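Below are the chains, spelled out letter by letter.
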Amino acid sequence: MNLLRLDLQFFSGEKTEKATPRKKQDARKKGQVAKSADVNTALSLLTVFLSFLFIGAFMRDRILIMLRGIFQDYLLIDVTNQHVHDVFLTLAYQATMILAPVMGVALVAGVLANYLQVGFLFSTEAIQMKLNKLDPIQGFKRIYSIRALVELVKSLLKISFVGVVTFSVLWLELDNVLRLSQMTVEQSLQFIGSLTVKMGLSASIALLLLSLLDYMYQKYDYEKNLRMSKQDIKDEYKKSEGDPLIKSKIKQRQREMAMRRMMQDVPTADVVITNPTHYAIALKYDETKMDAPYVVAMGVDMVAQKIKEIAKENDVMMVENRPLARALYAQVDIGQAIPDEFFQAVAEIIAYVYQAKSIS
């Protein structure tokens, strides 16, 4: 028996349950999300090489202007501090104009890749200084771990896959590569640029396919690391919803208070309609509050008996009407006026009660 109890305690601590929405939300606030850096790299490369199809002519013209200025103008000027300064500023400006569109496309692609994976998220938790990261033992464990082995396999797979794809593109263009020496400078530059874009797009697409697999693995690993034990779920429920035992006691206390207030209103009733043993409905008519009689107390079985006892002690008249008592209990709540269909029956009862009181 003791061994069985220990086994149950062991399994209750195993993290076999999926993370709750609250656990995922807390992890997200700390910057812990399922994200693949390869998706960012692949999408950025793909958009950059695609942009060359649209801004390639612009970049070519800018590069030619810069080269023409270097060979025709800058090599012929006197080397002075002012001339070197002016040349440096001019070349820096021209290089910026060439690279700015590419950097802008890469920046937008990087932001878009992150947004597609995790949505909008701002957290400083991931960049905070943590001393446990300096622990050599923990660092050794991170280096020699299953995750490190997976990363190594991924890197080898990426290098091999991307290398095969780019080599295949180069092999298909091998005849043109061998004819480069027979081309003019303009033709060779145009071919090299076109070949570079083809190789870049092919490598980017290959890397994007691998990154999708990596994202699926990262999502699986993220879900696995966030798994909870049954005890963790119970503890979280207690923190968020409160201890069930305490909640039940609070509800019981609230019911007792409501019952006490209801019983205090019974002596103010004009009449109590009974079943006669199972139902008791206490009604009151106060034209300053409502246009129709309303229920001040109601109950069945033991509560009904208590209502009748209090009514008897305070000389509140009781009238037996089984159909009316059942109907009122089923359709009216405490504090509500009676429905229209019961006006006639209740009015006759209250009139009888007033008449009986006036005679007595």
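Values in this document were obtained by computation on a predicted structure and should not be read as measured data. (Residues numbered from 1 in each chain as written. Predicted model: local features only at pLDDT ≥ 70, side-chain atom pairs only at ≥ 80, totals over all residues. Heavy atoms only, no water.)

With that out of the way, let us pick up the packing of aromatic side chains. All chains considered together, the criterion is met by 3 aromatic pairs. Plain terms: the ring middles of Phe49 and Phe52 are 5.6 Å apart, the flat faces sit at 85 degrees to each other, and that makes the pair edge-to-face. On the criterion of helical spacing, the pair formed by Phe49 and Phe52 is a turn pair, its members being 3 residues apart in helix H3 (residues 37–72). (Phe/Tyr/Trp six-rings, centres within 6.5 Å; stacked < 30°, edge-to-face > 60°. Helix = DSSP H or I, 4+ residues; strand = E, 2+ residues; numbered from the N terminus.)

With that settled, the discussion passes to the sheet that holds strand E4 (residues 317–320). With mixed pairing, the 4 strands of this open sheet are ordered in space as E3-E2-E1-E4. Pairing within the sheet leaves two strands with one partner each, and these edge strands are strand E3 (294–300) and E4. Adjacent strand axes in the sheet meet at a mean angle of 20 degrees, parallel and antiparallel pairs treated alike. Bridge count between strand E2 (residues 279–284) and E3: 6 bridges; the pairing is antiparallel. Across the sheet, Leu283 pairs through a bridge with Val295, a residue of E3. Contacts between helix H11 (residues 302–313) and the sheet are confined to strand E1 (271–274), E2, E3 and E4, with E3 contributing the most and set at about 125 degrees to the helix. Packing against the sheet, helix H12 (residues 322–331) makes contact with E1, E2, E3 and E4, and its axis sits at approximately 80 degrees to E2. (Pairing = 2+ DSSP bridges. Axes fitted to C-alpha atoms, helices over the stretch in contact; angles between N-to-C directions. Contact = heavy atoms within 4.5 Å.)

The next point concerns the confidence of the model for the protein chain. Summary statistics for the protein chain give a mean pLDDT of 79 and a share of 85% for residues scoring 70 or more. Within the model, pLDDT remains below 50 along residues 1–11, and this stretch shows 0 contacts once partners closer than five positions in the same chain are excluded. (pLDDT = per-residue confidence, 0-100.)

Together, Ile63, Leu64, Leu67, Phe71, Leu75 and Leu76 make up an exposed nonpolar region whose accessible area comes to about 600 Å². Structurally, Leu64 is set in helix H3. (Patch = residues over 30% accessible without salt bridge, like charges linked within 9 Å, V, L, I, M, F, W, Y side chains within 5 Å. Areas by Shrake-Rupley, 256 points an atom, 1.4 Å probe, with all protein chains shown as cover. Salt bridge = Lys/Arg side-chain N within 4 Å of Asp/Glu carboxyl O.)

What follows covers the pattern of salt bridges. If you walk through the whole model with that rule in mind, you get 5 salt bridges. The shortest N-O distance in the salt bridge between Asp38 and Lys158 comes to 2.9 Å. Of this pair, Asp38 sits in helix H3 while Lys158 sits in helix H6 (residues 146–172); the two residues are 120 residues apart in sequence, bridging distant segments of the chain. For Lys158, a relative accessible area of 22% puts it in the partly exposed group. The closest approach of N and O atoms between Glu173 and Lys198, which form a salt bridge, is 3.2 Å. Here the residue Glu173 occupies a position in the loop between H6 and helix H7 (174–178), and Lys198 occupies one in helix H8 (residues 185–225), the gap between them amounting to 25 residues. (Buried < 20%, exposed > 50% of the residue type's maximum accessible area, 1.4 Å probe, protein only.)

With that settled, the discussion passes to helix H4 (residues 81–118). In a regular helix each residue adds 1.5 Å, so 38 residues correspond to 56 Å; H4 covers 51 Å between its end C-alpha atoms and thus fits that length. Taking the largest bend as the criterion, H4 deviates by roughly 40 degrees, centred on Leu99, and proline Pro101 comes between one and four positions later. Buried residues belonging to H4 abut helix H2 (21–29), H3 and H8. In the segment just after H4, Gly119 is the residue with positive phi, at about 75 degrees. (Expected span 1.5 Å × (residues − 1). Bend = angle between axes of the 7 residues up to and from the residue.)

Before going further, it helps to examine the packing of H3 against H4. For the pair H3 and H4, the least separation of the axes is 9 Å and the interaxial angle reads 170 degrees. Comparing the axis directions of H3 and H4 gives the class roughly antiparallel. The residue inventory of the contact of H3 with H4, partitioned by class, reads 21 nonpolar, 8 polar and 1 charged. (Parallel < 35°, antiparallel > 145°, perpendicular 65-115°, else oblique. Nonpolar A, V, L, I, M, F, W, Y, C, P; charged D, E, K, R; others polar.)

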